[in-house]
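# Breakdown of the fold
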Amino acid sequence: LLLDRQVRFLRRAFSFYVAPDIVKKLEQNPDQLRLGGELRDMSFVFTDLANFTSLIESLRPEEGGRLLNSYLDGMIDIAKSHGGTIDKIIGDAVVVLFAAPVLQPSHAEQALACALAMDDFAVKFATEQHVKGIPFGDTRIGVHSGTAIVGNFGGSDFFDYTAHGDAVNTTARLESLNKQLGTRIAVSGSTVKRCASFEGRAVGSLILKGKENPIDVFAPVNSGSADEELVSRYEHAYSLMADNKRQALKEFQCLASDFPCDPLTQFHRVRLMRGETGTIITLNEK
């Protein structure tokens, strides 16, 4: 009887937040769940939609509601299909956990794959809206892996299974960092090290505002979309910059001339023109 009650509770509590197969695994192995809180190695995906507040205010309430729900349905379905747990939905922002409530040894790879699939969906969704004359913005995504305290932190009367800790805050900062970089996805080195098949470009070792230690940041190549010449020449220019070579600026200027729409090239060209050097970058904005 006690086990039946436990199973019913788990099904009721998590059915809205995770895919059915994860609920089933919880029912079969309820000892994996510690609602009181535990320290666990996890991965996180944070998403946010650029300029959505102004867009939603320009639409009729029912039109804005349909648009937001359609977008969120797609993002949530992707998160669940990759084994993620929906932590929070705040307006248009989606927060996804991996490795909780069910242990997932490959949580970093699942989180990265989820972010790439979300990016694909968001780009297509925005394009469809632009055809209709709706200026739907870019979706910015942050991905990070690290330890966090996870459990039910809703008090005695409210169920709120969530995670807390520096790893959570860092993921949120990575999502926001895309605004400064001009990118759509920012992935930490902590996640990249756990993903053997990662394809992407190094952004640098960034010291986020309020932090003392740098964090390695990468921009993934999604669906083979990056130009091979761009990637090769960027890596060459980046290596010169990392070695503090004077010709790094010239290489980035030539690259910016040939690929004027590449945000990372422009980001480094501008900072090198300001007299900055190397790949350790201190950011003064959140």
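Values in this document were obtained by computation on a predicted structure and should not be read as measured data. (Residues numbered from 1 in each chain as written. Predicted model: local features only at pLDDT ≥ 70, side-chain atom pairs only at ≥ 80, totals over all residues. Heavy atoms only, no water.)

Here is a general trend for soluble globular proteins: nonpolar side chains tend to be buried in one another's company. Membership of the largest hydrophobic core comes to 35 residues, with the highest contact counts inside it found for V45, Y71, V96, M118, F136 and V143. Looking at this core, the elements with two or more residues in it are β1 (38-49), α3 (52-58), α4 (61-81), β3 (93-98), α5 (107-131), β4 (139-152) and β6 (185-188). Broken down by element, this core gets its largest block of residues, nine residues, from α5. Residue contacts for V96: discarding those within four places in its chain leaves S43, F44, V45, A79, G84, T85, I86, D87 and M118. Listed in part, the 25 residues of the second largest apolar core include V203, L208, F252 and F267. (Core = buried A, V, L, I, M, F, W, Y, C linked by side-chain atoms within 4.5 Å. Buried < 20%, exposed > 50% of the residue type's maximum accessible area, 1.4 Å probe, protein only. Helix = DSSP H or I, 4+ residues; strand = E, 2+ residues; numbered from the N terminus. Contact = heavy atoms within 4.5 Å.)

All right, on to helix α8 (residues 228-242) then. Between the first and last C-alpha of α8 there are 21 Å, a value that for 15 residues agrees with the 21 Å anticipated at 1.5 Å per step. Those residues of α8 lying buried are L230, V231, Y234, A237, Y238, L240 and M241. On its buried side, α8 packs onto β7 (200-207), α9 (247-258) and α10 (263-273). Where α8 begins, one side-chain oxygen reaches toward the backbone nitrogen of E229, 2.8 Å away; that side chain belongs to D227. Positive backbone phi, at 60°, marks N244, one or two positions downstream of α8. (Expected span 1.5 Å × (residues − 1). Polar contact = N/O pair within 3.5 Å; in protein donor to acceptor, adjacent residues only side chain to side chain.)

Another point: the packing of α8 against α9. Direction vectors running N to C along α8 and α9 enclose 160°, while the axes themselves pass 8 Å from each other. Taken together, the axes of α8 and α9 are roughly antiparallel relative to one another. For the pair α8 and α9, the sense of crossing is left-handed. Residue-level inspection shows L230, R233, Y234, H236, A237, Y238, L240 and M241 of α8 in contact with α9, the latter providing Q247, A248, E251, F252, C254, L255 and D258. (Axes fitted to C-alpha atoms, helices over the stretch in contact; angles between N-to-C directions. Parallel < 35°, antiparallel > 145°, perpendicular 65-115°, else oblique. Left-handed = near helix turned anticlockwise from the far one by under 90°.)

The subject of this paragraph is α9. The first and last C-alpha atoms of α9 sit 17 Å apart over twelve residues, in line with the 16 Å expected at 1.5 Å per residue. Burial in α9 covers these residues: A248, F252, L255 and A256. Down the axis of α9, the smallest arc covering the buried residues is 100°, so these residues share one side. Residues K250 and S257 are exposed on α9 and point more than 90 degrees away from its buried face. If you follow the buried residues of α9, they end up packed against α8 and α10. (Arc of directions from axis to C-beta.)

The next thing to look at is the pattern of salt bridges. Per the counting criterion, the structure on display carries 14 salt bridges. For R60, the salt bridge identified is with E62, shortest N-O distance 3.2 Å. Exposure remark for E62: the relative accessible area of 42% places this residue in the partly exposed category. Where salt bridges share partners, they join D48, R140 and E175 into one cluster. (Salt bridge = Lys/Arg side-chain N within 4 Å of Asp/Glu carboxyl O.)

The geometry of two aromatic rings is summed up by the distance between their centres and the angle between their planes. Under the defined criterion, the tally for this structure stands at nine aromatic pairs. On the basis of an interplanar angle of 65° and a centroid distance of 5.0 Å, the ring pair of F125 and F136 is categorised as edge-to-face. Placement of the pair is F125 in helix α5 and F136 in the loop between α5 and β4, with a sequence separation of eleven residues. Relative accessible area serves as the criterion here: at 6%, F125 is assigned to the buried category. We classify F136 as buried; its relative accessible area is 3%. Between Y234 and F252 the ring centres are 5.9 Å apart and the planes differ by 80°, which places this aromatic pair in the edge-to-face class. Here F252 lies in helix α9 and Y234 lies in helix α8, a separation of 18 residues in the sequence. Judged on exposure class, the residue Y234 and its partner F252 are both buried. Taken together, the aromatic side chains of F52, Y71, F121, F125 and F136 make up a single cluster linked through ring pairs. Positioned over the ring face of Y234 is R201, at 4.6 Å from the centre of the ring. (Phe/Tyr/Trp six-rings, centres within 6.5 Å; stacked < 30°, edge-to-face > 60°. Lys NZ or Arg CZ within 6 Å of the ring centre and 35° of its normal.)

Quick look at the environment of H82 now. The residue H82 is located in the loop between α4 and β2 (85-90) in this model. With a relative accessible area of 23%, H82 lands in the partly exposed category. Considering only alpha carbons, one finds H82 and H107, 25 residues apart in sequence, at a separation of 9.5 Å. Excluding its chain neighbours within four sequence positions, the residues that come into contact with H82 are F98, Q110, A113, C114 and A117. Within the local environment of H82, its side chain forms a polar contact with the backbone oxygen of I78, the two atoms lying 2.9 Å apart. At 3.3 Å, the side chain of H82 and the side chain of S81 are in polar contact.

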